[in-house]
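Notes for the structure review
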Amino acid sequence: MTRVLVVGSGLAGLIAAVRATDAGHQVTLVTKASLPESNTRYAQGGIAAAMFPGDSVDAHFLDTVRAGAGLCDPVAVRVLCSEGPARVRDLIRFGVDFDRDESGVTRGLEAAHSRSRVLHAGGDATGAAIEAALVATVRERAARAGSLRESGALAHRGLRIREHTMLIDLTVRDGRATGAVLLGPDGELHSTAADTVILATGGAGALYPHTTNPSVATGDGVAAAWRAGAAVADLEFYQFHPTALAVPGTPLVSEAVRGEGAVLRNVHGHRFMLDVHPGAELAPRDVVARSIAREMAVQKGAPVLLDATGLGRDLLERRFPTITAACREAGLDWAVEPIPVAPAAHYWMGGVHTDIWGRSSLPGLFAVGEVARTGAHGANRLASNSLLEAAVFADRAVRALRLPAGGPVHSGWTVSTVQRKTERDTTGPGTTVDRAALQRLMWESVGVLRSGDGLAAASVALEGMTMRPKPGSGVNMHLRAYEDANLLDLARATVAAARSREESRGAHHRSDFPESHPELARTVLWRLGGEYPGTDGTGDVRTMQSTTNLDDPTEAEEAIAC
Ligand code: SIN
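A brief look at the structure comes next. (Residues numbered from 1 in each chain as written. Predicted model: local features only at pLDDT ≥ 70, side-chain atom pairs only at ≥ 80, totals over all residues. Heavy atoms only, no water.)

A word on helix α9 (residues 321-329)
Test applied: Whether a residue is buried, partly exposed or exposed follows from its accessible area with a 1.4 Å probe, protein chains only, as a fraction of its type maximum: under 20%, in between, or over 50%, in that order. To qualify as a helix, a DSSP run of H or I must reach at least 4 residues; to qualify as a strand, a run of E must reach at least 2; elements of each kind are numbered from the N terminus. Each C-beta atom gives one direction from the helix axis, and the arc is the one those directions make. The contact rule is simple, with two residues in contact once any of their heavy atoms fall within 4.5 Å.
All buried positions along α9 are accounted for by Ile-323, Thr-324, Ala-326 and Cys-327. All buried residues of α9 fall inside an arc of 160° around its axis, so they share one side. Looking at α9, the residues exposed on the side facing more than 90 degrees away from the buried face are Arg-328 and Glu-329. Buried residues in α9 make contact with β13 (238-245), α6 (255-259), α8 (313-319) and β16 (339-348). Where α9 terminates, the next one or two residues include Gly-331, which has phi positive at roughly 80°.

The following block contains the structure:
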């Protein structure tokens, strides 16, 4: 039996908690807000899997690798696409009711997919349906364990849930994760010991002022892992969803809407994507987001228009009830008029570097879901692969608890060591940074379009931002201070990573290096312990190319066979 601490309650965390409980481990699941609040809950489009006639794992693999702009780890992609269908069937067993029509489960088309293979639920409420089913499953497991403990039949095993509890830091002894320091709902810091910590804390949309993420997405897991010495990678690749509704709160307008036939127009009514890419509105997500950003620059910042009027009211309301409601709330009727849309921060391809079992470079620490960088998404994630990745790698992480205790698992990788003090050192109750200023800076300099000068200026500006005392008290101020420190640490790391990648690739586009360079199609691992490269030009810059046998099919086959 292993004491497993799972942090985060989106799809990845919930699957990890259920699987680890069912495997007989003693599991504690902690989450910063209430159990259902997570990025998963807001996912619309769906979950992609090659499980329909006419589709194949190979076709899904190829689409994923093509979208990833030369940076996917083919082994991780092979695992993702091969194990995806089984994990989707698991979700159905956990009670997710995917939409059906007379021919069976309905499948949608999204950008850069060569086949219609995206399952959805509640029309465009796929994430909410998955979250609800898994939350119910987790609560049932916890209740059952509680009764068994009360009756004396189960002393230690089973699942405990701690909501409104934030991860502050990981504890490390002798080079191994040994648990975590948590901020409880009482406003106090508590240490929790664990044999294994599984991070499932999601991304960091709060780095940007415009995001489709809920406010809990402040990168707590990546920041804590970074501070604990785990390697992180691909931080420069933040995916901007092309179409968020350009109203306060920037609600997502699913790519599935374009999959159904909606088109993008500039303010003159011109369908500009036809000029840009043969896939037009269904070009890879980074291409569409960049094209929209360019149109918006020409239009002096005015959003572009998503014209879904051709789809008809009936289809829009039936297939996209969530978006229809968001439009209505904003006073828009998308059945009769094009709606204003603009890119918004959506998904972080970078994160805690893991192997195909979710193991980080720090023994005892796993990362699954958006917090992880498995290599399955490369420089640009294929639509609807994120829920799939969460399900596949959370399941694998729990299976890996049986494997021999991992050491650093990236034989063949050389880690670039970087060092600086982190903002956590100066964080305490009542400290803050100007989060809005930080977000603006990130948007302007590390957004959809970037330049070397902008990144250099951002680097200087971020060095000047520090956590400062601010009058105020209470748990929320306390929590916000820790979030702010995480955001500042991650903003600096992201800018450094973006500065060091002197090319354009996938979601990372620099006007001073507008082309991709094959010799730079590599992932650089960063670990705390030296200067950030690029911050002052004198840092310990040792970017190393992966020498892992990424193309070795036997590694993939072994993984799949496990
Ligand atoms: C969407 O519905 O467009 C989002 C799907 C995704 O991010 O994969």
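Brief notes about the side chain of Asn-385
With respect to the helices and strands, Asn-385 occurs in the loop between β19 (372-373) and α10 (386-400). The contact partners of Asn-385, leaving out residues within four places of it in the chain, are Ala-48, His-60, Thr-64, Leu-80 and His-377.

Some thoughts on the site of the ligand
Where we set the bar: By convention in these notes, a residue is near a molecule or strand provided one of its non-hydrogen atoms lies within 4 Å of it. Within 3.5 Å is the distance limit for a polar contact, defined as a pair of N or O atoms, with the added protein rule that one can donate a hydrogen and the other accept it, and that residues adjacent in sequence qualify only through two side-chain atoms. Surface exposure here means Shrake-Rupley accessible area, sampled with a 1.4 Å probe, where a residue is shielded only by the protein chains that are shown. All amino acids are sorted into three groups, where Ala, Val, Leu, Ile, Met, Phe, Trp, Tyr, Cys and Pro are nonpolar, Asp, Glu, Lys and Arg are charged, and the leftover types, Gly among them, are polar.
In the neighbourhood of the ligand, the contacting residues comprise Gln-44, Gly-45, His-241, Ser-254, Glu-255, Arg-285, His-346, Arg-381, Ala-383 and Ser-384. His-241 places a side-chain nitrogen or oxygen 2.7 Å from an oxygen atom of the ligand. Interatomic distance of 2.6 Å between a side-chain N/O atom of His-346 and an oxygen atom of the ligand. Taken by itself the ligand offers 260 Å² of open surface, and the protein chains cover 95% of this. Taken together, the residues of the shell around the ligand break down into one nonpolar, six polar and three charged.

Side note on the pattern of salt bridges
Which entries qualify depends on this criterion: Any carboxyl oxygen of Asp or Glu within 4 Å of a side-chain nitrogen of Lys or Arg constitutes a salt bridge here.
Tallying each qualifying case throughout the model produces 40 salt bridges. The residue Asp-22 makes a salt bridge to Arg-141 at a minimum N-O spacing of 2.7 Å. Placement of the pair is Asp-22 in helix α1 (residues 11-22) and Arg-141 in helix α4 (residues 126-151), with a sequence separation of 119 residues. Across the salt bridge formed by Arg-505 and Glu-503, the nearest N and O atoms sit 2.7 Å from each other.

Read these as layout, nothing more, since geometry by itself doesn't imply function.
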